[in-house]
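Okay, here's what each chain looks like letter by letter:
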Amino acid sequence: MQLKILVGTVTGNALSVAQAIQLSCTDLVADIAVVPMDGLDIGVFDEDALFLVCTSTTGAGDVPDNAQALYASLLNEPRYLGKLRYGLIALGDAGAHAATFVEGGLKFDAALQDLGAQRIGEVFTHDASGDEEAETAGVDWCRAWLAHALT
């Protein structure tokens, strides 16, 4: 099975987390693809893969610019995604943006849930104002998530 990590990012933090997962989790999943969301639409979920959405939040709780097209496609071209299994990593900064902390990721989660997709496990959130590095925390979470998702 392929793990496809879809990345929504502004400054590159979500991409760094996705790449750390790609490098660190090949003992659990041999085929891991990191795919920036630029230009993607709902059709990306037609592929036979386990998906991991890894996205930051920008502005007033918005999805990043490179993720706007995919998010809009989920809302404007809805179709049943009942076979889709996914996980979600939501990055944010509670210190600077407490009211909209990780809202970008939560918007993706809500849209996928509305279309019948099956989220595996809980949404992983990372606070940039905390002490733990996003890459380390993301890899640790993903290893546990994959152990659950692959059973």
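Scroll up a little and you will see the structure.
Note that the structure is a prediction, hence the values are computed from the model and not measured.

### Some remarks on the overall build of the chain
Right, so step 1: Helices and strands together make up the secondary structure of the chain, namely 4 helices and 6 strands.
Right, so step 2: Shown N-terminal to C-terminal, the secondary structure of the chain runs as helices and strands in the order β-α-β-β-α-β-α-β-β-α.
Right, so step 3: Here the chain has a C-alpha radius of gyration of 14 Å; the compact-globule value for 151 residues is 15 Å, and the two agree.
Right, so step 4: Sorting the 151 residues of the chain into buried and exposed places 48% on the buried side.
Right, so step 5: For the chain, the share of sequence-separated contacts (at least 6 apart) that also reach a separation of at least 24 residues comes to 82%.
Right, so step 6: For the chain, the accessible surface area stands at approximately 7,000 Å², while carbon and sulfur atoms represent 49% of it.

### Things to note about the pattern of salt bridges
Opposite charge on two side chains allows them to pair when their charged atoms are near.
Right, so step 1: Throughout the structure, instances matching the rule amount to 6 salt bridges.
Right, so step 2: D46 is the partner of R79 in a salt bridge, and the nearest nitrogen-oxygen pair spans 2.7 Å. Here R79 is found in the loop between α2 (68-76) and β4 (85-92), whereas its partner D46 is found in the loop between β2 (31-36) and β3 (50-55), with 33 residues between them in sequence.
Right, so step 3: Residue D46 is classed as exposed on the basis of its relative accessible area, which comes to 56%.
Right, so step 4: Residue R119 is joined to D109 by a salt bridge in which the shortest nitrogen-to-oxygen separation is 2.7 Å. With R119 in strand β5 (residues 118-119) and D109 in helix α3 (residues 103-114), the pair connects residues that are 10 residues apart, well separated along the chain.

### A few points about a nonpolar patch on the surface
Right, so step 1: On the surface, M1, L28 and L150 cluster together into a nonpolar patch covering about 280 Å² of accessible area.
Right, so step 2: Within the secondary structure layout, M1 lies in the segment before β1 (2-8).

### Focus on the nonpolar core
One broad rule of soluble globular proteins: the nonpolar side chains tend to lie buried together.
Right, so step 1: Within the largest apolar cluster, 27 residues are counted, with the highest numbers of intra-cluster contacts made by L6, F45, L74, L81, F108 and L112.
Right, so step 2: Of all elements in the fold, only β2, β3, α2, β4 and α3 reach the threshold of two or more residues within this core.

The rules behind each value
- Residues numbered from 1 in each chain as written.
- Predicted model: local features only at pLDDT ≥ 70, side-chain atom pairs only at ≥ 80, totals over all residues.
- Heavy atoms only, no water.
- Helix = DSSP H or I, 4+ residues; strand = E, 2+ residues; numbered from the N terminus.
- Rg over C-alpha atoms; globule rule 2.2 N^0.38 Å.
- Buried < 20%, exposed > 50% of the residue type's maximum accessible area, 1.4 Å probe, protein only.
- Contact = heavy atoms within 4.5 Å.
- Areas by Shrake-Rupley, 256 points an atom, 1.4 Å probe, with all protein chains shown as cover.
- Salt bridge = Lys/Arg side-chain N within 4 Å of Asp/Glu carboxyl O.
- Patch = residues over 30% accessible without salt bridge, like charges linked within 9 Å, V, L, I, M, F, W, Y side chains within 5 Å.
- Core = buried A, V, L, I, M, F, W, Y, C linked by side-chain atoms within 4.5 Å.

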